[in-house]
Structures are given as C-alpha cells and as structure tokens.
Amino acid sequence: MVGPGPGGGAPLENANPLIYRRSGERPVTAREEDDELPDSIDDREIFDLIRSINDPEHPLTLEELNVVEQMRVKVNDAESTVAVEFTPTIPHCSMATLIGLSIKVKLLRSLPERFKLDVHITPGTHASEHAVNKQLADKERVAAALENSHLLEVVNQCLSARS
C-alpha cells in the first residue's frame, strides 16, 4: 500500500494504476430508434451501463482502469441472462466486493426484473476470487449489504456522475 487514499484517508492499494483509453460512444442505429420494433438488450448496452461506474479508490471509471471490458459482458436476451466478468487492478484488491456490488446494483436498477444477473471476478485475477464471487451470487448477502446505509452511500457514490 502506497500513498494516501481519497480524502487523505487510508493508503491506496494501487497508487499508480494503468489508465486505459475509453471506447467511443455507440452510434444509435435506425432499428434502435424505431419504436415499432422490439429493442433487445445486447452486450454493448450492458457495457454502456457499467463502463462509467466510478472506482471507489481512484477518480477514474471502471472502464478507464480496464476493470470492465465489453468482451467480458455476455447477454442472452431471449433467456434473460446477463453475465459480467470484472478484473480488479491488483490480485489482492480489497475493493473487489464493493466493485462487484456496484456493478450488480447498477444492473438491478437499470434492467427489467426478468433478467438473471451473474457478476463475478475474471477467473485467476484475484486472490479471494471464490469468496468474492460467492458473496456476489448470494441474493440475501447482497440485500443485507444494501441495508447498510454507509455501504449503500459508498455504492451510490460509485454510481453517481462525476462533475
């Protein structure tokens, strides 16, 4: 751990993360604009929802830190499933559960209830991958976490637009 954290608090775990270029905005197609046609949800639409989530430690988005990538989002609209793999910036990142929770909350708030969500760490990229994935897959643990007002405030900060 190196350097002070946000607001001069605890030291940052990854004081100098690599920063990646943001992908361009997706052009809207004529089919998507046609209100008469059903609008299926695809990988890019899910990526667009989660790419701008703020990292809890750095003034950067999850996309800018390469924590989320479009290629790690899988959607099956017909079966109402969404799977998102995310990659913490370091193998012992203590913020992994919070990042996964923020992704899950963003999707829960944005998608129709018919979707089954699977948010998990990219295999082999985190020391506590199994434990974090177990927490994120447990609906009761997620619900209990969101009843914690301090944790909910931190999640909401991750989901808020930066000025």
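Per an unreviewed UniProt entry, the recorded name for the protein is Cytosolic iron-sulfur assembly component 2B, and the organism is Calidris pygmaea. Comment text from UniProt for the protein, heading Sequence similarities (unreviewed entry), reads "Belongs to the MIP18 family."

(A) Here's a closer look at the side chain of Asn-133. Considering the arrangement of structural elements, one finds Asn-133 in helix α4 (residues 129-137). Residue Asn-133 is classed as buried on the basis of its relative accessible area of 19%.

(B) Spotlight on the nonpolar core. The biggest cluster of nonpolar side chains holds 35 residues, and the ones touching the most others in it are Ile-46, Val-82, Phe-86, Ile-103 and Leu-107. Those elements that provide at least two residues to this core are α2 (43-50), β3 (73-76), β4 (81-86), α3 (96-110), β5 (116-121), α4, α5 (139-147) and α6 (149-159). Broken down by element, the residue count for this core peaks at seven residues, all from α3. Sequence-distant contacts of Ile-103, defined by excluding residues within four places in its chain, comprise Ile-50, Ile-53, Leu-62, Val-68, Val-84, Phe-86 and Val-119.

(C) A look at the packing of α3 against α5. For the pair α3 and α5, the least separation of the axes is 12 Å and the interaxial angle reads 95°. As the angle between them shows, α3 and α5 are arranged roughly perpendicular. Where α3 approaches α5, its residues Leu-101, Lys-104 and Val-105 are matched on the opposing element by Val-142, Ala-145 and Leu-146. For the contact of α3 with α5, a count of residues per class yields five nonpolar, no polar and one charged.

(D) Representation of the environment of Asn-66 in the model. Looking at where Asn-66 falls in the secondary structure, it is placed in the loop between α2 and β3. Sequence separation of Asn-66 and Phe-86 is 20 residues, and the distance between their C-alpha atoms is 8.5 Å.

(E) The arrangement of unusual backbone geometry in detail. Look at Asn-66: it is not a glycine, yet its phi comes out positive at around 65°. Despite not being glycine, Ser-80 has its phi angle at roughly 60°, a positive value. Following the sequence through the fold, Ser-80 ends up in the loop between β3 and β4. Taking relative accessible area as the criterion, Ser-80 reaches 12% and is therefore assigned buried.

The rules we used
- Residues numbered from 1 in each chain as written.
- Predicted model: local features only at pLDDT ≥ 70, side-chain atom pairs only at ≥ 80, totals over all residues.
- Heavy atoms only, no water.
- UniProt positions renumbered as here; feature names shortened; annotations may be inferred.
- Helix = DSSP H or I, 4+ residues; strand = E, 2+ residues; numbered from the N terminus.
- Buried < 20%, exposed > 50% of the residue type's maximum accessible area, 1.4 Å probe, protein only.
- Core = buried A, V, L, I, M, F, W, Y, C linked by side-chain atoms within 4.5 Å.
- Contact = heavy atoms within 4.5 Å.
- Axes fitted to C-alpha atoms, helices over the stretch in contact; angles between N-to-C directions.
- Parallel < 35°, antiparallel > 145°, perpendicular 65-115°, else oblique.
- Nonpolar A, V, L, I, M, F, W, Y, C, P; charged D, E, K, R; others polar.

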